[in-house]
Amino acid sequence: MSFVGGLISTVFERRFRNALTDEADSRNTTELVLDLLGSHGEVSGGAMARVILDRYAGMGDAEKLPFFQFIMHELEIDADTVIAALSAYKSDPTKANYQRFAAASEPKRQEVMRRLNQLPGATGALVAMRSDLLRLMQDHPDLQPLDVDMKHLFSSWFNRGFLVLNPISWSSPADVLAKIIAYEAVHAIESWNDLRRRLEPSDRRCFAYFHPAMPQEPLIFVEVALTRGIPNSIQTVLADERTEIDAEDADTAVFYSISNCQTGLAGISFGNSLIKQVVADLSRDLPALANFVTLSPIPGLNRWLETSGPNVASDGNEAALAAHYLLHAKRKDDMPVDPVARFHLGNGAMIHAVHADADVSPNGLAQSSGAMVNYLYNLSEIAKNHEQFVTEKTVIASPEVRALGTRLMAET
């Protein structure tokens, strides 16, 4: 009887959804959004949400912009109501007054996003929607508060507790492997054979975070080389004819590429927990590993040299210039100019070594004249380094790197 009852319920629900969808097709999208806010039925709300998302998927930018403007301006908070509710709570901090303030201070557009997200597959659609918003926002800064709301929701939906760390191997599903090729943002994967060289050998690893609502979409992934000693060039790591070693013989894990995959999740940090989780897993599986380092690009070096760097010829000074840049080039908030440096130093790493001629690809030469850097994750020092960087804005570096930077200044 339970099977028959469930079957009848499913058939009824499907017919009801179809009827609601047919009716919804006669209304414009903004009317459907307002109806979605007023809907209390799961089935009716789901039908309206499906029509809204389907319509949005078929829109071009000329239609998406007014959709975002409606969501932004017509579903905004009422500032006077917020102020009055806050004043009441300040005078009488009861649960009821706090509830009124909380309700008044949350824009209705956040509830729209929550209701849209109740549909299967909606999370990925909303991530893509924010990607569109970020693009359109460049010419329409009035949409920025809407982005604050979406980022706030995504920070909850994509927090570490919901993420799943999966290894990526040559036997992973083909659609996932294709996305690894497409999303690689540091060292382009030129072909399937190139991908195979990065995944199949015993001394190579790749790990990615996934979300249960987007099971086939990697959010961020890291590529790892297991080596003897700390490498000083990406050419060595990615060489076609390199000699493979047994993973158990490696003493170093090299994080040589970390790529964020979803532009709609910009500003949602995964990298910190990703590296720490991968370090923990590798330490457990390969206890002989003694070093955990990156081989990282220095993306802002040449741009900085062109605008505000020291007046020094780069020929023969690439490593010293890189060391000086990483140690001394700061933003107005006294944080490093280089985004990769901010990321790893903020995670508790230290600048271990810089190398000239480490990336002679066109991109590597364009952004840093071929220089690269190793950031070292010393497990016993990570917490202390992180605290010093965050509270004192101290750039932790090895004596060798500091000597390079000092030498450059002495020569100028």
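What you are looking at is a predicted structure, and each value in this text was computed from that prediction instead of being measured.

What counts and what doesn't
- Residues numbered from 1 in each chain as written.
- Predicted model: local features only at pLDDT ≥ 70, side-chain atom pairs only at ≥ 80, totals over all residues.
- Heavy atoms only, no water.
- Helix = DSSP H or I, 4+ residues; strand = E, 2+ residues; numbered from the N terminus.
- Buried < 20%, exposed > 50% of the residue type's maximum accessible area, 1.4 Å probe, protein only.
- Contact = heavy atoms within 4.5 Å.
- Lys, Arg positive; Asp, Glu negative; His and termini not counted.
- Charge placed at Lys NZ, Arg CZ, Asp CG, Glu CD.
- Core = buried A, V, L, I, M, F, W, Y, C linked by side-chain atoms within 4.5 Å.
- Pairing = 2+ DSSP bridges.
- Right-handed = clockwise from strand over helix to strand, strands pointing away.
- Salt bridge = Lys/Arg side-chain N within 4 Å of Asp/Glu carboxyl O.
- Polar contact = N/O pair within 3.5 Å; in protein donor to acceptor, adjacent residues only side chain to side chain.
- Axes fitted to C-alpha atoms, helices over the stretch in contact; angles between N-to-C directions.
- Parallel < 35°, antiparallel > 145°, perpendicular 65-115°, else oblique.
- Left-handed = near helix turned anticlockwise from the far one by under 90°.
- Nonpolar A, V, L, I, M, F, W, Y, C, P; charged D, E, K, R; others polar.
- Phe/Tyr/Trp six-rings, centres within 6.5 Å; stacked < 30°, edge-to-face > 60°.
- pLDDT = per-residue confidence, 0-100.

### Observations regarding the overall build of the chain
Thinking step 1. Counting secondary structure elements, the chain contains 19 helices and seven strands.
Thinking step 2. A principal-axis box enclosing the C-alpha atoms of the chain has dimensions of 70 × 55 × 45 Å.
Thinking step 3. Burial analysis of the chain (412 residues in total) assigns 46% to the buried set.
Thinking step 4. Taking the contacts inside the chain whose residues are at least 6 apart along the sequence as the reference set, 72% of them involve residues at least 24 apart.
Thinking step 5. If you average the places of the 37 positive and of the 52 negative side-chain charges in the chain, the two averages end up 5 Å apart.

### Details of the nonpolar core
Thinking step 1. Ranked by size, the top nonpolar core spans 90 residues in total, and within it M113 and F158 carry the most contacts.
Thinking step 2. Setting aside chain neighbours within four positions, we find M113 in contact with I71, L126, M129, L146, M150, L153 and W157.

### Re the pairing of strand β4 (residues 252-260)
Within a regular strand, the side chains alternate between the two sheet faces.
Thinking step 1. Where burial is concerned, most of β4 is hidden: seven out of the nine residues are buried.
Thinking step 2. Across eight bridges, strand β3 (residues 220-227) lies against β4 in antiparallel orientation. Bridged to L226 within β4 is A253.
Thinking step 3. Judged from the four bridges that link them, β4 and strand β5 (residues 291-294) form a sheet pairing that is parallel. Looking at the pairing, F255 lines up with T294 of β5.
Thinking step 4. Read as a crossover between parallel neighbours, the route from β4 over helix α13 (residues 271-285) to β5 is right-handed.

### Re unusual backbone geometry
Thinking step 1. Of note, the phi angle at D334 is positive, near 70°, even though the residue is not glycine.
Thinking step 2. Tracing the sequence through the fold places D334 in the loop between α15 (318-328) and α16 (339-346).

### A few points about the pattern of salt bridges
Thinking step 1. Summed over all chains, the structure comprises 26 salt bridges.
Thinking step 2. One salt bridge connects R197 with D240, and the closest N-O pair in it is separated by 3.3 Å. Here R197, found in helix α11 (residues 192-199), pairs with D240, found in the loop between α12 (234-237) and β4; they are 43 residues apart in sequence, far enough to count as distant.
Thinking step 3. In this structure, the salt-bridge partner of D285 is R284, at a minimum N-O distance of 2.9 Å.
Thinking step 4. For R284, a relative accessible area of 58% gives the class exposed.
Thinking step 5. The network of salt bridges with common partners includes E184, D194, R197, R198, E223 and D240.

### Some remarks on the side chain of D147
Thinking step 1. With respect to the element layout, D147 can be found in helix α9 (residues 144-157).
Thinking step 2. A polar atom in the side chain of D147 sits 2.6 Å from the side chain of R130.

### A short note on the packing of helix α5 (residues 79-91) against helix α6 (residues 95-105)
Thinking step 1. Where α5 contacts α6, the axes come no closer than 8 Å and their chain directions differ by 160°. Relative to α6, α5 is oriented roughly antiparallel. Taken as a pair, α5 and α6 cross one another with a handedness that is left-handed. On α6, the residues that touch T81, V82, A85, L86, A88 and Y89 of α5 are N97, Y98, R100, F101, A104 and S105.
Thinking step 2. In terms of residue class, the contact of α5 with α6 is built from eight nonpolar, three polar and one charged.

### Topic: the packing of aromatic side chains
Thinking step 1. Per the stated rule, a full pass over the model turns up nine aromatic pairs.
Thinking step 2. Taking the centre distance of 6.5 Å and the plane angle of 55° together, the rings of Y98 and F101 count as tilted. Here Y98 and its partner F101 are both found in helix α6, three residues apart, which amounts to about one turn of the helix.
Thinking step 3. Ring geometry for W304 against Y325: centres 5.2 Å apart, planes inclined by 45°, an arrangement best described as tilted. Residue W304 is found in helix α14 (residues 301-307), and its partner Y325 is found in helix α15; the two are separated by 21 residues along the sequence. Y325 shares its class with W304; the two are buried.
Thinking step 4. Through a chain of ring-to-ring contacts, three or more aromatic side chains come together here, namely Y56, F67 and F68.

### Some details on the environment of M350
Thinking step 1. On the secondary structure map, M350 appears in strand β6 (residues 350-355).
Thinking step 2. Those residues in contact with M350 that sit more than four places away from it in its chain are L345, N374, Y375, L376, N385, I396, A397 and S398.

### Structural notes on the environment of D240
Thinking step 1. Through-space distance from the C-alpha of D240 to that of D175 is 24 Å; in sequence the pair is 65 residues apart.
Thinking step 2. Engagement of the side chain of D240 in a polar contact is seen with the side chain of R197, the distance being 3.3 Å.

### A word on α15
Thinking step 1. Most of α15 is tucked away, with 10 of its 11 residues classed as buried.
Thinking step 2. For α15, the full list of buried residues reads E318, A319, A320, L321, A322, A323, H324, Y325, L326 and L327.

### Details of the confidence of the model for the chain
Thinking step 1. With 90% of its residues at a pLDDT of at least 70, the chain reaches an overall mean of 91.
Thinking step 2. Helix α1 (residues 2-24) is the least confidently modelled element of the chain, averaging 50 in pLDDT, while strand β7 (residues 372-376) averages 98, the highest of any element.
Thinking step 3. A low-confidence stretch, residues 4-13 (pLDDT under 50), is modelled with one contact involving residues beyond four sequence positions or located in other chains.

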